[in-house]
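Residue strings, one per chain:
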Amino acid sequence: MKAICWYGKQDVRVETVPDPQILNPRDAIIRVTSTAICGSDLHLYNNVIPSMQAGDILGHEFMGEVVEVGQKVENLSVGDRVVVPFTIACGNCFFCQKKLWSLCDNSNPNASTAAKMYGYSGSGLFGYSHMFGGYAGGQAEYVRVPFADVGPMKIGEQVSDEHALFLSDILPTGYMAAENANINEGDTVAVWGCGPVGQFAIQSAWWFGASRVIAIDQVEQRLTMARDHGNAETINFDEVDVSAALNEMTGGMGPDCCIDAVGLEAHGTSPDAIYDRVKQATYLGTDRIHALRQAIYCCRKGGTVSIPGVYGGFLDKMPFGAAFGKGLKMAMGQTHVHNYLQPLLDRITGNGHASTGSDGDQAPHDQSTSANRNNRGFDPTYIISHRLPLSEAPDAYRMFNESKGECTKVVLQN
Ligand SMILES: [Zn+2]
Ligand SMILES: [Zn+2]
């Protein structure tokens, strides 16, 4: 089969590799129909996540058709259309029983590597380095899905690939970011980073009852999307001082809830951001954390900082004193995708959730995006900027990495 393989910094190739096979009775083989490139795939592309090996198959956002199931997979049949969570979970361990799926104790065969660095390992992840299990990813024609009796969710024929695909990661990730932000009715929510996760965090903040959502980025196209589809007020950090602007917009209080949807490759022009870039370039530091510092600094006293952005290592000049002094709450981590599959599919199909139709029974502060204003359900496809065949993935990675804003989300189709 054809697969997108990693060979080093900014070097991904279309390769012919052996087809995946059932290795365990709980496996399924999926023929991938749609897969997406994630912002966090660019961390791999730029080689800032350790333990990648030449030839690793990329991709953790995918969906497709079941073509083979192991003997113990009773919930799926050949021919089912499914979307697959990027976090791999066994369903049986202490953490899975507590629905902390991304912390599964049994799905990372290389747990000892992660444990050396982190104390304990999280779950295995598709296509995301050997530290997270070394699983072949879904940017391929076929993929082996372990614990297929637990993760994949069936999708009805009435839901298109493009509507369902983002349930694999970014829609649940944006949603959990808003959930983790402890949003109360009437709160002001600030979101750093208006990539796809930031866009979905903005949307989700309204669902949780925010009265204002403020989006922060430097890319004008992304800010426009946040305004047009997310009803957000926007701050361009290239043009204005973010903390002064937030202070003024919130009557000197600061936002109640701050969401860092940027992660470890934050851009910025302030002294601390330049310092991070130098340290990362000289291998003296691992993470560029300017957005996180700013979120902590700007958050109101007693507020919450929610961190869906990915961090990998040891964070330098972390303003922990500010976080402590202001009594902030913080929440973070990989998304427990499994929890959100059905509720968010229901949002998309309009099943069981009033959207912003004319029936008037939505929550008083539910300012859903323009994308779903005229439909019953939430349409997440507005973030897609490019649809390309799988074979053009190397160009797609390059374009996404070099994008100044024209590329928000690439969907690769088989
Ligand atoms: Zn992703
Ligand atoms: Zn488990």
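Residues numbered from 1 in each chain as written. Chains lettered and ligands numbered in written order. Predicted model: local features only at pLDDT ≥ 70, side-chain atom pairs only at ≥ 80, totals over all residues. Heavy atoms only, no water.

Per an unreviewed UniProt entry, the protein chain is named Formaldehyde dismutase, and its organism is Roseimaritima ulvae. Under Sequence similarities (unreviewed entry), UniProt gives the following word-for-word description of the protein chain: "Belongs to the zinc-containing alcohol dehydrogenase family." (UniProt positions renumbered as here; feature names shortened; annotations may be inferred.)

**Side note on unusual backbone geometry**
Positive phi is not limited to glycine here, since serine 51 has a value of about 70°. With respect to the helices, strands and loops of the structure, serine 51 is situated in the loop between α1 (39–45) and β4 (56–57). With phi around 55°, asparagine 231 is a residue other than glycine that occupies positive phi space. With a relative accessible area of 29%, asparagine 231 lands in the partly exposed category. (Helix = DSSP H or I, 4+ residues; strand = E, 2+ residues; numbered from the N terminus. Buried < 20%, exposed > 50% of the residue type's maximum accessible area, 1.4 Å probe, protein only.)

**Looking at a nonpolar patch on the surface**
Nonpolar side chains collect at one region of the surface, where Met117, Tyr118 and Phe314 lie side by side and expose about 320 Å² of accessible area between them. Examined against the element boundaries, phenylalanine 314 turns out to sit in the loop between β15 (304–307) and α11 (320–325). Overall, phenylalanine 314 belongs to the exposed group, its relative accessible area being 66%. (Patch = residues over 30% accessible without salt bridge, like charges linked within 9 Å, V, L, I, M, F, W, Y side chains within 5 Å. Areas by Shrake-Rupley, 256 points an atom, 1.4 Å probe, with all protein chains shown as cover. Salt bridge = Lys/Arg side-chain N within 4 Å of Asp/Glu carboxyl O.)

**Some details on the coordination of the zinc ion (ligand 2)**
Looking at the zinc ion (ligand 2), the protein donor atoms are Cys90 (SG), Cys93 (SG), Cys96 (SG) and Cys104 (SG), and they sit 2.3 to 2.4 Å from it. Metal-centred angles of 101 to 116° between the four donor atoms at the zinc ion (ligand 2) mark the site as tetrahedral. Sequence positions of the residues that donate to the zinc ion (ligand 2) give the spacing C-x2-C-x2-C-x7-C. A relative accessible area of 3% means that cysteine 96 is categorised as buried. (Donors = N, O, S within 2.8 Å, 3.2 Å for Na, K, Ca; no water. Tetrahedral: all angles 85-135°; square planar, octahedral: opposite > 155°, others 65-115°.)

**A few points about the packing of helix α5 (residues 170–180) against helix α6 (residues 196–207)**
Close contact between α5 and α6 brings their axes to 7 Å; oriented N to C, the two are set at 50°. Classified by the angle their axes make, α5 and α6 are oblique. Crossing of α5 against α6: the hand is right-handed. Residues Ile170, Leu171, Thr173, Gly174, Tyr175, Ala177 and Ala178 of α5 pack against Pro196, Val197, Phe200, Ala201, Ser204, Ala205 and Trp207 of α6. Looking at side-chain class alone, the contact of α5 with α6 contains 11 nonpolar, three polar and no charged residues. (Axes fitted to C-alpha atoms, helices over the stretch in contact; angles between N-to-C directions. Parallel < 35°, antiparallel > 145°, perpendicular 65-115°, else oblique. Left-handed = near helix turned anticlockwise from the far one by under 90°. Contact = heavy atoms within 4.5 Å. Nonpolar A, V, L, I, M, F, W, Y, C, P; charged D, E, K, R; others polar.)

**Some details on the packing of aromatic side chains**
All chains considered together, the criterion is met by 13 aromatic pairs. Note on tyrosine 175 and phenylalanine 208: the rings are 5.0 Å apart at their centroids and 45° apart in plane angle, and the pair reads as tilted. With tyrosine 175 in helix α5 and phenylalanine 208 in the loop between α6 and β12 (212–217), this pair connects stretches of sequence that are 33 residues apart. Residue classification places tyrosine 175 among the buried residues on the basis of a relative accessible area of 14%. Centre to centre, the rings of phenylalanine 200 and tyrosine 382 are 6.2 Å apart; their planes meet at 90°, and the pair counts as edge-to-face. (Phe/Tyr/Trp six-rings, centres within 6.5 Å; stacked < 30°, edge-to-face > 60°.)

**Focus: the pairing of strand β6 (residues 81–84)**
Here β6 shows a buried face lined by Arg81 and Val83 and a second buried face lined by Val82 and Val84. Note: strand β5 (residues 61–69) against β6, four bridges, orientation antiparallel. By the bridge assignment for β6, glutamate 65 is matched with arginine 81. In this structure, β6 lies alongside strand β10 (residues 153–154), joined through two bridges in antiparallel fashion. The residue bridging valine 83 from the neighbouring strand is methionine 153, located in β10. (Pairing = 2+ DSSP bridges.)

**Describing the sheet that holds strand β1 (residues 2–8)**
Across a sheet, strands are paired by hydrogen bonds formed along the backbone, either parallel or antiparallel in direction. Taken together, three strands build an open sheet; the order of strands is β2-β1-β4 and the sheet is antiparallel. Single-partner strands in this sheet number two, and they are β2 (11–16) and β4. Sheet topology note: the β1/β2 ladder contains six bridges and is antiparallel. Within β2, the position partnered with glycine 8 by the bridge is aspartate 11. Across the face of the sheet, helix α13 (residues 393–402) comes into contact with β1 and β2 while running at roughly 165° to β2.

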